[in-house]
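Here's the letter readout for the chains.
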Amino acid sequence: MFIVHSTIVVPLDKVSEVISIYRQRSGRVDTWPGFLSFQLLQNEHRPEELTVQLTWQDKDSYLAWARSEDFRRVHELEKHYPDADLRLVRPTVRKYQVVAE
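Residues numbered from 1 in each chain as written. Predicted model: local features only at pLDDT ≥ 70, side-chain atom pairs only at ≥ 80, totals over all residues. Heavy atoms only, no water.

Participant: What am I meant to see in the overall build of the chain here?
Facilitator: When its secondary structure is counted, the chain shows four helices and four strands. Whereas a compact globule of 101 residues would reach a radius of gyration of roughly 13 Å, the chain reaches 14 Å, a difference of no more than 12%. The C-alpha extent of the chain, read off along each of the three principal axes, is 35 × 30 × 20 Å. Taking the contacts inside the chain whose residues are at least 6 apart along the sequence as the reference set, 68% of them involve residues at least 24 apart. (Helix = DSSP H or I, 4+ residues; strand = E, 2+ residues; numbered from the N terminus. Rg over C-alpha atoms; globule rule 2.2 N^0.38 Å. Contact = heavy atoms within 4.5 Å.)

Laid out in structure tokens, this is it:
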């Protein structure tokens, strides 16, 4: 398995808004071959830190998604948030190969 974390830190007063955005996400990734799951995680001690966790069968499946037009469309939406503070948020992305279960 291959896991991708995309972590953002948003203004504390915007946390609920961002969670709502993710709850209403497009779901385009859900139909991609090799996609296993999506979770939005909130840091227990820093509630303004949110992490999207995507789990894939393998790295190649993730790379196919990341190079796709659907990926570009989904991430293009981030540049058009109505809120200027949220448009400026940039994620930190980390990728992990599962080596033991």
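Participant: Even after reading the chapter, I still don't get the packing of aromatic side chains, so can you show me in this structure?
Facilitator: The geometry of an aromatic ring pair comes down to the distance between the two centres and the angle between the two planes. If you walk through the whole model with that rule in mind, you get six aromatic pairs. Summarising the aromatic geometry, the rings of Tyr22 and Phe38 are spaced 6.3 Å apart at their centres and angled 25° between planes, so their arrangement reads as stacked. With a gap of 16 residues between them, Tyr22 in helix α1 (residues 15-23) and Phe38 in strand β2 (residues 35-42) connect regions that are remote in the sequence. According to the relative accessible area criterion, Phe38 is partly exposed, its value standing at 21%. Relative to Trp56, the ring of Phe35 has its centre 5.4 Å away and its plane inclined at 75°; by these criteria the two rings are edge-to-face. (Phe/Tyr/Trp six-rings, centres within 6.5 Å; stacked < 30°, edge-to-face > 60°. Buried < 20%, exposed > 50% of the residue type's maximum accessible area, 1.4 Å probe, protein only.)

Participant: Got a minute to help me understand α1 in this structure?
Facilitator: Two residues of an α-helix separated by three or four positions point the same way, owing to the 3.6 residues in each turn. All of the buried residues in α1 are Val15, Val18, Ile19 and Tyr22. An end-on view of α1 places all buried positions within 100° of arc, on one side of the element. Looking at α1, the residues exposed on the side facing more than 90 degrees away from the buried face are Ser16 and Arg23. (Arc of directions from axis to C-beta.)

Participant: Honestly, the pairing of strand β1 (residues 2-9) in this entry has me stumped. Any pointers?
Facilitator: In regular strands, side chains alternate between the two faces of the sheet. Taken across its eight residues, β1 has six buried, putting it largely inside the fold. As judged from the six bridges shared by β1 and strand β4 (residues 92-97), these two strands associate in the antiparallel manner. Residue Thr7 lies in a different strand from β4, and its bridge partner there is Thr92. (Pairing = 2+ DSSP bridges.)

Participant: Can you walk me through the environment of Gln53 in this structure?
Facilitator: Residue placement: Gln53 occurs in strand β3 (residues 49-56). You can call Gln53 buried: its relative accessible area is 18%. On a C-alpha basis, the gap between Gln53 and Ile19 in space is 14 Å, while along the polypeptide they are 34 residues apart.

Participant: Help me understand the sheet that holds β3 in this model?
Facilitator: The sheet built from four strands is open, its strands ordered β2-β3-β1-β4 with antiparallel pairing. Strands with a single pairing partner mark the edges of an open sheet, and in this sheet they are β2 and β4. Between one strand axis and the next, the sheet turns by 15° as a mean value, whatever way the strands run. Pairing analysis gives eight bridges linking β1 to β3, with the strands arranged antiparallel. Residue pairing across strands places Ser6 opposite Val52, the latter belonging to β3. Packing of α1 onto the sheet brings it into contact with β1, β2 and β3, and relative to β2 it is tilted by some 170°. (Axes fitted to C-alpha atoms, helices over the stretch in contact; angles between N-to-C directions.)

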